[in-house]
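As a plain string of letters, each chain reads:
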Amino acid sequence: MATYVTTEMHTGGEPFRIVEKGYPEIPGDTILDKINYLKKEFDHPRKLIMWEPRGHFDMFGAILVPPDLPEADIGVIFINNEGYFPMCGHGVISLGRYMVDKGLAKNLTIPETVVKIQCPCGLVEARVQYDGKKSGAVSFLSVPSFLYAKEVSVEVPEYGKIVVDVSFGGGFFALVPASQFNMNIKSSASKIRAAVGATLEQLRKDYKVAHPDCSDLSYMHGAIITDGKDEYSEEVTANCCVFADRMLDRSPCGSGVTSRIAQQFGRGLIKLGQTRTFESITGATFKAKPVKSVKCGDYDAVIVEVTGNGYYTGTSTFTLEEDDIIGRGFLLS
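Residue positions are given per chain, counted from 1 along the sequence in the order it is written. Since the coordinates come from a predicted model, pLDDT governs what is reported: local features require at least 70, and pairs of side-chain atoms require 80 or more to be given and counted, while whole-chain, interface and lining totals use all residues. By convention in this description, side-chain values take in all heavy atoms of the structure and omit both hydrogens and water.

- Per an unreviewed UniProt entry, the recorded name for the protein is trans-L-3-hydroxyproline dehydratase, and the organism is Mytilus edulis.
- Listed in UniProt under the heading Sequence similarities (unreviewed entry), the comment for the protein reads: "Belongs to the proline racemase family." UniProt positions are given in the numbering used here, feature names are shortened, and annotations may be inferred rather than shown by experiment.

1. Structural notes on the overall build of the protein
Part 1 of the argument: Secondary structure elements are defined from DSSP: runs of H or I of at least 4 residues count as helices, runs of E of at least 2 residues count as strands, and each element is numbered from the N terminus. Looking only at helices and strands, one finds five helices and 18 strands in the protein.
Part 2 of the argument: Against the compact-globule benchmark of 20 Å for 333 residues, the protein has a radius of gyration of 19 Å, which places it among compact chains.
Part 3 of the argument: The principal-axis extents of the C-alpha atoms in the protein amount to approximately 50 × 45 × 35 Å.
Part 4 of the argument: Buried residues are those whose accessible area, probed at 1.4 Å on protein chains only, stays under 20% of the maximum for their type, while exposed residues exceed 50% and partly exposed ones sit between those limits. Buried positions account for 55% of the 333 residues belonging to the protein.
Part 5 of the argument: Contact between two residues is taken to exist if any of their heavy atoms lie within 4.5 Å; hydrogens are not considered. Taking the contacts inside the protein whose residues are at least 6 apart along the sequence as the reference set, 63% of them involve residues at least 24 apart.
Part 6 of the argument: A total accessible area of about 13,900 Å² is found for the protein, and carbon and sulfur atoms account for 48% of it.
Part 7 of the argument: For the protein, the distance from the average site of its 35 positive side-chain charges to the average site of its 41 negative ones is 3 Å. The reference for a compact globule is 2.2 Å times residues^0.38; the radius of gyration itself is calculated from the C-alpha atoms. Every accessible area reported is derived by Shrake-Rupley at a probe size of 1.4 Å, with residue values counting cover from the shown protein chains alone. Counting rule applied: Lys, Arg positive; Asp, Glu negative; His and chain ends not counted. Throughout, a charge is located at the NZ atom of Lys, the CZ atom of Arg, the CG atom of Asp or the CD atom of Glu.

2. Observations concerning the packing of aromatic side chains
Part 1 of the argument: The criterion for an aromatic pair is that two Phe, Tyr or Trp rings (for Trp, the six-membered ring) have centres within 6.5 Å, with stacked assigned to planes under 30 degrees apart, edge-to-face to planes over 60 apart and tilted to the rest. Evaluation of the coordinates by the stated rule reveals 16 aromatic pairs.
Part 2 of the argument: Arranged with centres 5.0 Å apart and planes meeting at 75°, the rings of Tyr148 and Phe172 form a pair that is edge-to-face. With Tyr148 in strand β9 (residues 146-156) and Phe172 in strand β11 (residues 172-177), this pair connects stretches of sequence that are 24 residues apart. An identical accessibility class is assigned to Tyr148 and Phe172; each is buried.
Part 3 of the argument: Each member of the aromatic cluster is reached from another via a ring pair, and the members are Phe16, Phe60, Phe78, Phe85 and Phe243.

3. Observations concerning the side chain of Ser135
Part 1 of the argument: Turning to its location among the elements, Ser135 is positioned in strand β8 (residues 135-141).
Part 2 of the argument: With relative accessibility at 3%, the residue Ser135 sits in the buried group.
Part 3 of the argument: Among the polar contacts listed, one links the side chain of Ser135 to the side chain of Arg97, at a separation of 2.8 Å.
Part 4 of the argument: Here Asp101 takes part through its side chain, which lies 2.9 Å from a polar atom of the side chain of Ser135. Under the rule applied, a polar contact is a pair of N or O atoms within 3.5 Å (in protein, one hydrogen donor and one hydrogen acceptor; residues adjacent in sequence only if both atoms are side-chain atoms).

4. Looking at the side chain of Thr113
Part 1 of the argument: Along the polypeptide, Thr113 turns up in strand β6 (residues 112-119).
Part 2 of the argument: Separated by 2.8 Å, the side chain of Thr113 and the backbone oxygen of Thr109 make a polar contact.
Part 3 of the argument: Among residues more than four places away in sequence, those in contact with Thr113 are Val100, Ala105, Asn107, Leu108, Ala126, Arg127, Val128 and Tyr130.

5. What to know about the pairing of strand β10 (residues 160-168)
Part 1 of the argument: A pair of strands is treated as paired once DSSP finds two or more bridges between them. Relative to β10, β9 is paired through eight bridges, and the arrangement is antiparallel. When the bridges of β10 are listed, Ala149 appears paired with Val166.
Part 2 of the argument: Between β9 and the antiparallel strand that follows it, β10, lie three residues; Glu158 among them carries a positive phi value of about 80°.
Part 3 of the argument: With four bridges connecting them, β10 and β11 associate as antiparallel partners. Residue pairing in the sheet places Asp165 in a bridge with Leu175 of β11.

6. Here we look at the pattern of salt bridges
Part 1 of the argument: Just to be clear on terms, a salt bridge is a Lys or Arg side-chain nitrogen sitting within 4 Å of an Asp or Glu carboxyl oxygen. Within the structure shown, the criterion is met by 19 salt bridges.
Part 2 of the argument: Put simply, Asp43 and Lys47 hold a salt bridge, and the shortest N to O gap is 4.0 Å.
Part 3 of the argument: In this structure, Lys289 engages Glu305 in a salt bridge whose closest nitrogen and oxygen atoms are separated by 3.9 Å. Separated by 16 residues along the polypeptide, Lys289 in strand β16 (residues 285-296) and Glu305 in strand β17 (residues 299-308) bring together distant segments of the chain.
Part 4 of the argument: Residue Lys289 is classed as partly exposed on the basis of its relative accessible area, which comes to 24%.
Part 5 of the argument: The network of salt bridges with common partners includes Glu112, Glu125, Arg127, Lys289 and Glu305.

7. Notes on helix α4 (residues 189-206)
Part 1 of the argument: Its 18 residues place the ends of α4 25 Å apart at the C-alpha level, agreeing with the 26 Å of an ideal helix rising 1.5 Å per residue.
Part 2 of the argument: Taken together, the buried positions of α4 are Ile192, Ala195, Val196, Gly197, Ala198, Thr199, Leu200, Gln202, Leu203 and Arg204.
Part 3 of the argument: Where the residues of α4 are buried, they touch β9, β10, β11, β12 (220-226), β13 (237-243) and β14 (247-248). Multiply 1.5 Å by the residue count of a helix minus one, and that product is the helix's expected span.

8. A closer look at the pairing of strand β2 (residues 14-21)
Part 1 of the argument: Burial of β2 is extensive: six of the eight residues sit out of reach of the surface.
Part 2 of the argument: Adjacent in sequence and paired antiparallel, strand β1 (residues 2-11) and β2 are bridged by two residues, among which Gly12 carries a positive phi angle near 65°.
Part 3 of the argument: Pairing geometry for β2 and strand β3 (residues 61-65), over three bridges, is parallel. In the strand pairing of β3, Val19 is matched with Ile63.

9. Some words on the environment of Asp245
Part 1 of the argument: Relative to the helices and strands, Asp245 resides in the loop between β13 and β14.
Part 2 of the argument: Residues Asp245 and Asn81 lie 164 residues apart in sequence; the distance between their C-alpha atoms is 6.6 Å.
Part 3 of the argument: Look past the residues within four positions of Asp245 in its chain and what remains in contact with it is Phe57, Asn81 and Glu82.

10. Examining the nonpolar core
Part 1 of the argument: For our purposes a nonpolar core is just a set of buried Ala, Val, Leu, Ile, Met, Phe, Trp, Tyr and Cys residues, chained together by side-chain atoms within 4.5 Å. Grouped together as the largest cluster of nonpolar side chains are 82 residues, with contacts concentrated most on Phe78, Val92, Cys119, Val166 and Ile225.
Part 2 of the argument: Non-local contacts of Val92, meaning those with residues more than four positions away in its chain, are made with Phe78, Met87, Ile117, Cys119, Val124, Ala126, Val138 and Phe140.

Next up, the structure:
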């Protein structure tokens, strides 16, 4: 009988299921090699852990693996309803706390402990508030992020011509104001999922992206509907990310927020050091700011700092009996 042990967390309402036990050693010299192995040879545990009856359509999680970068404290493979994800900011925020509380960081320091997490998209540095007993808010520095393309047009069935910017923030995201759908950012989750999901699927068919340094990242990972408030302001700005197989992010989306800052920076709408607050569909907020100009291939890129809070919700032990066919995983969207 297969058994999997997890710690359950959430960031801004978005679940984060950390798989602690159950996976055997995953072959591969790099994290991307390990992901390719899982995709081809060993995908069934992801379905068991993410899908019903143990998970649900919008479940998100992580498998902890040894890093292949010597400076990293841990390696992580992000999993969801569709498969494997290159970057997860809400996951990094919860995982930063987890690393400190479990004593997995190389050096515990007060009032802040640095945790280096090797994500599929690259090394991400998280700084965790720590008073010697309890961890708190987490800030992370993104991989080089950049505005990839402006005003990309796509014909979306039922919605007509939709124009998006495409930005990279650990994954490629299309960014579109809610006004293009004749919607409000506070519209129902089902309406947002339908409109943004249809746009994402059409973009995947009609528009190709190419990361300058890593072909494995050349995929349209998500689409983000916004309130259109892209110019810098101290006013809160709202957005909602739909990604993978029409998953709807309950948090402001860490990699999505990174992508929005990269878009705004690329358009000259925000300066280094200026902090913005991003609100999600649950009312949760992340703070983010561009902190350093860099290059990514030929692109003018930026390092973005994102800050938020993750929380524990419990622990789980999942089992699978050999004759339980349905229990191997299914999805109802």
